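Observations on the three-dimensional arrangement
Listed below, chain by chain, are the residues.
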Amino acid sequence: MLTLFVLALSGFGAGVLNAVAGGGTFLSFPALVWAGVPPIMANATATFAAMPGYIGSAWAYRDHISGNARADLKRILAVTAVGGFLGAVLLLITPQDLFSGVVPWLLLLATLAFALGPIVVRQLSRSGRSVTGPVALGLLLAVCIYGGYFNGGLGIMLLAAFGLIGMTDLHQMNGLKNLVSAVLSVVSVLTYTAAGLIDWPSLFIVGLSCALGGYVGALCAKRIRRVGLLRAFIVTVGVAMTVLFFLQNSG
């Protein structure tokens, strides 16, 4: 019963955080590992649980997404699908022990990205610096490979990448971020499922509670005025989870 409660609570919290500011993986992934799900399977299951939220967010931002040129959007989605698949395959061929050792570093990277990402995006928007053409697509591919391999911190990394590409409209960037996250998660989840990496009993609990949390979070997001405090809380959770995984590996 304790395990069910922890999984349901972490899923609900992850859904709320993803709807309001992102960072839900900092709750769902460690909870699945604590419940006894192997790290690689926990990563795949947490990505699956977050997928409906990505799809719903992409639909909600459809008007802003439509502002992108169709040719550019096709290239972006093609790169997204390739990157998500490559990242998922990379996860499949990673030995369990090696992934367990890499997880604390991935959590650290995701936490730093979540903490510093908004500052980077603002600076890029103000400076007007950007990269174009193959370099831009290469940057997006690298971020999508990361997202297919480990979902944590993906959203803020995508926003930073879009800032480097030269996008300045935050609503358009958020819409494209949600669409890319949705496509990437679908490709990754299909690959994980085909490889038998989904823990279905845990997914049922975390997925349902994550969907409920996403709905509640969407309602709360309209009333939250001090998002900075929420972001600080998420960064604190990320730091705590990173330290715990480093300690677990050292022990």
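The paragraphs below set out a description of the structure included in this document. Residue positions are counted from 1 within each chain, in the order its sequence is given. In keeping with the model being predicted, local features are shown solely for residues with a pLDDT of at least 70 and side-chain atom pairs are shown and tallied solely at 80 or more, while totals for entire chains, interfaces and linings include all residues. Computation of side-chain values: all heavy atoms of the structure, hydrogens and water removed.

**Quick notes on the packing of helix 2 (residues 25-34) against helix 3 (residues 39-60)**
Each axis is a line fitted through C-alpha atoms, and for a helix only the stretch in contact is used; angles between axes span 0 to 180 degrees, taken between their N-to-C directions. Secondary structure elements follow DSSP: runs of H or I no shorter than four residues count as helices, runs of E no shorter than two count as strands, and numbering proceeds from the N terminus. Between helix 2 and helix 3, the least distance of the axes is 9 Å, while the angle of their chain directions is 140 degrees. Classified by the angle between their axes, helix 2 and helix 3 sit oblique to one another. As for how helix 2 packs across helix 3, the hand of that crossing is right-handed. Where helix 2 approaches helix 3, its residues Ser 28, Phe 29, Leu 32 and Val 33 are matched on the opposing element by Pro 39, Ala 42, Asn 43, Thr 45 and Ala 46. Amino acid classes used here: Ala, Val, Leu, Ile, Met, Phe, Trp, Tyr, Cys and Pro are nonpolar; Asp, Glu, Lys and Arg are charged; the rest, including Gly, are polar. Grouping the amino acids of the contact of helix 2 with helix 3 by side-chain chemistry returns six nonpolar, three polar and no charged. For classification purposes, an angle smaller than 35 degrees is called roughly parallel, one larger than 145 roughly antiparallel, one from 65 to 115 roughly perpendicular, and anything else oblique. Each crossing gets its handedness from the near helix: less than a right angle anticlockwise from the far helix is left-handed, clockwise is right-handed. Throughout, a contact is declared for two residues whenever any of their heavy atoms are within 4.5 Å.

**As for the packing of aromatic side chains**
To describe a pair of aromatic rings, one takes the distance between the centres and the angle between the planes. Pairing of aromatic rings covers Phe, Tyr and Trp, the last through its six-membered ring, and needs centres within 6.5 Å; plane angles under 30 degrees mean stacked, over 60 mean edge-to-face, and all others mean tilted. Across all of its chains, the model carries six aromatic pairs by this definition. Considering the side-chain rings of Phe 29 and Phe 150, the 5.6 Å spacing of their centres and the 90 degrees angle between planes classify their relative orientation as edge-to-face. Note that Phe 29 is positioned in helix 2 and Phe 150 in the loop between helix 7 (133-149) and helix 8 (154-165), a separation of 121 residues in sequence. Measuring from centroid to centroid gives 5.7 Å for Phe 99 and Tyr 149, while their planes differ by 70 degrees, and the two rings are edge-to-face. Note that Phe 99 is positioned in helix 6 (residues 96-127) and Tyr 149 in helix 7, a separation of 50 residues in sequence. Both residues of the pair, Phe 99 and Tyr 149, count as buried. Chaining the aromatic ring pairs together yields one cluster made of Phe 29, Tyr 146, Phe 150 and Phe 245. Throughout this description, buried means an accessible area under 20% of the type-specific maximum (1.4 Å probe, protein chains only), exposed means over 50%, and partly exposed covers the range between.

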